[in-house]
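Residues per chain, in single letters:
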Amino acid sequence: MSWRTVIITMRCKLDLKMGYMVVRGEETRRIYLDEIAMLMIENPAVSLTGCLLEALIEKKVRVIFCDGKRSPMAELAPYYGSYDCSRKIRVQQEWNDDIRGAVWTDIISEKIKNQCIFLSELGKERETSLLKTYIGQVELYDATNREGHAAKVYFNALFGTDFTRTEDNVTNAALNYGYTIILSAFNREITSCGYLTQLGLCHCNLFNYYNLSCDLMEPFRILVDRKVFDGRYTVFSAAEKHALWGILNETVYIADSQQTVLNGIRIYTRSIFDALNEGDTSLIRFYRRI
């Protein structure tokens, strides 16, 4: 099972040789393709061969390309993620509103629950109590926007009452970068299962290629929040970005077993599809931190 996140930071050439990705720079290194889950190309001066790109797609490796500031700007997305993707897409289009709404409601409730746990650990009892009341008020499709109310309380408790998610600062840069990492992991799993990332449960932005990924990732955002809060970044350079990639290798408890976050995303995502296809939200497997 693939598990490695590989980050290419220096100018080099990447090619394929006997099942290995060969990195030809100041030194030559080889990485077995079957071990790679995600490949981040941070340096725009990196060159790749077509044979390697084909192999990466076949192995369902998520490839992310960065701009000159080392910020993610694009992904390599295959046309086909599953042998029966046409059937899966038809099924996806036929999910009825009731089960879509029920799954979304559970996802948002779980997200707020995770926020509660974090704030309680920090001794923010007043805010924790308020978020607990919001959990009980979440309606189908979160019609009363308890998620939005909870987010305001939550982020102000973490980063101060003057903090907003729209401000251009180091904290938001770190949060956005971390969320992109989680989003990419969900893109990989959704396409591997044969579904479209564009067709969301609640997110329906016409210009968002990843509506479904944005829906499913909500309970996992807290992992980024924790890392950024603990880091208390004053700058956000390559070192801080690489530290955030470590989130995918952290350990969580899901489906009665300890798993890496990356494997947890796989288990959780497939359980969501089981719930949607069977019309049973009890099939959803949420994670717990260890």
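In this text, all values refer to a predicted model and were calculated from it rather than measured experimentally. (Residues numbered from 1 in each chain as written. Predicted model: local features only at pLDDT ≥ 70, side-chain atom pairs only at ≥ 80, totals over all residues. Heavy atoms only, no water.)

Visitor: Hey, could you run me through the packing of helix α6 (residues 170-192) against helix α8 (residues 221-231) in this one?
Guide: Packed helix pairs are specified by the crossing angle of their axes together with the interaxial distance, meaning the distance between the axes. α8 packs onto α6 with a crossing angle of 145 degrees between their chain directions and a minimal axis gap of 9 Å. Handedness of the crossing formed by α6 with α8: right-handed. Packed against α6, whose contacting residues are T171, A174, L175, G178, Y179 and I182, the element α8 presents R221, V224, D225 and V228 at the interface. Looking at the contact of α6 with α8 residue by residue, the class counts come to six nonpolar, two polar and two charged. (Axes fitted to C-alpha atoms, helices over the stretch in contact; angles between N-to-C directions. Helix = DSSP H or I, 4+ residues; strand = E, 2+ residues; numbered from the N terminus. Left-handed = near helix turned anticlockwise from the far one by under 90°. Contact = heavy atoms within 4.5 Å. Nonpolar A, V, L, I, M, F, W, Y, C, P; charged D, E, K, R; others polar.)

Visitor: What should I look at first to understand the pattern of salt bridges in this one?
Guide: Any two side chains of opposite charge can pair if their charged atoms end up close together. On inspection of all chains with the given rule, the structure shows 19 salt bridges. A salt bridge links R24 to D15; the nearest nitrogen and oxygen atoms lie 2.8 Å apart. The class for D15 is buried, based on a relative accessible area of 11%. One salt bridge connects K111 with E147, and the closest N-O pair in it is separated by 2.8 Å. One end of the pair, K111, is in helix α3 (residues 97-121); the other, E147, is in helix α5 (residues 146-159), and 36 residues separate them in sequence. Owing to a relative accessible area of 18%, E147 belongs among the buried residues under this scheme. Here the residues in one salt-bridge network are K111, E147, E218 and R221, joined through shared partners. (Salt bridge = Lys/Arg side-chain N within 4 Å of Asp/Glu carboxyl O. Buried < 20%, exposed > 50% of the residue type's maximum accessible area, 1.4 Å probe, protein only.)

Visitor: Help me understand the pairing of strand β9 (residues 251-254), please; the structure alone is not making it clear to me.
Guide: Regular strands place their side chains on alternate faces of the sheet. Along β9, the buried face is formed by V252 and I254; none of T251 and Y253, which line the opposite face, is buried. Sheet topology note: the β9/strand β10 (residues 257-260) ladder contains four bridges and is antiparallel. Each bridged residue has a counterpart across the sheet, and for I254 the counterpart in β10 is S257. Between β9 and β10, which follow one another and run antiparallel, lie two residues, and A255 among them has a positive phi close to 55 degrees. Of the strand pairs in this sheet, β9 and strand β11 (residues 288-289) are connected by two bridges, and their pairing is antiparallel. (Pairing = 2+ DSSP bridges.)

Visitor: Can you help me understand the environment of C204 in this one?
Guide: Tracing the backbone shows C204 in the loop between α6 and α7 (211-216). Counting along the chain gives 53 residues from C204 to S257, while the straight-line C-alpha distance between them is 34 Å.

Visitor: Can you help me understand the sheet that holds β10 in this one?
Guide: Through backbone hydrogen bonds, the strands of a sheet pair up, either in parallel or in antiparallel fashion. One open sheet holds the three strands; their spatial order is β10-β9-β11, and the pairing between them is antiparallel. The open sheet has two edge strands with one neighbour each: β10 and β11. Here helix α10 (residues 261-278) sits on the sheet and contacts β9 and β10; the angle it forms with β10, its principal contact strand, is near 110 degrees.

Visitor: Got a minute to help me understand the nonpolar core in this structure?
Guide: Generally speaking, nonpolar side chains in soluble globular proteins are found buried as a group. Within the largest apolar cluster, 69 residues are counted, with the highest numbers of intra-cluster contacts made by V103, L131, F220, L244, L248 and Y268. Residue contributions to this core peak at 10 residues, all from α6. Look past the residues within four positions of Y268 in its chain and what remains in contact with it is I107, F186, L216, P219, F220, I254, I284, R285 and F286. Formed by 18 residues, the second largest nonpolar core is a distinct cluster that contains L39, L52, A55 and L76. (Core = buried A, V, L, I, M, F, W, Y, C linked by side-chain atoms within 4.5 Å.)

Visitor: Explain the confidence of the model for the protein chain to me, please; I cannot follow it from the model alone.
Guide: Predicted coordinates in areas of low pLDDT are best not read in detail. In this model, the protein chain carries a mean pLDDT of 94, and residues with pLDDT of at least 70 account for 99%. Across the protein chain, element-level confidence peaks in β9 with a mean pLDDT of 98 and bottoms out in strand β8 (residues 72-76) with 90. (pLDDT = per-residue confidence, 0-100.)

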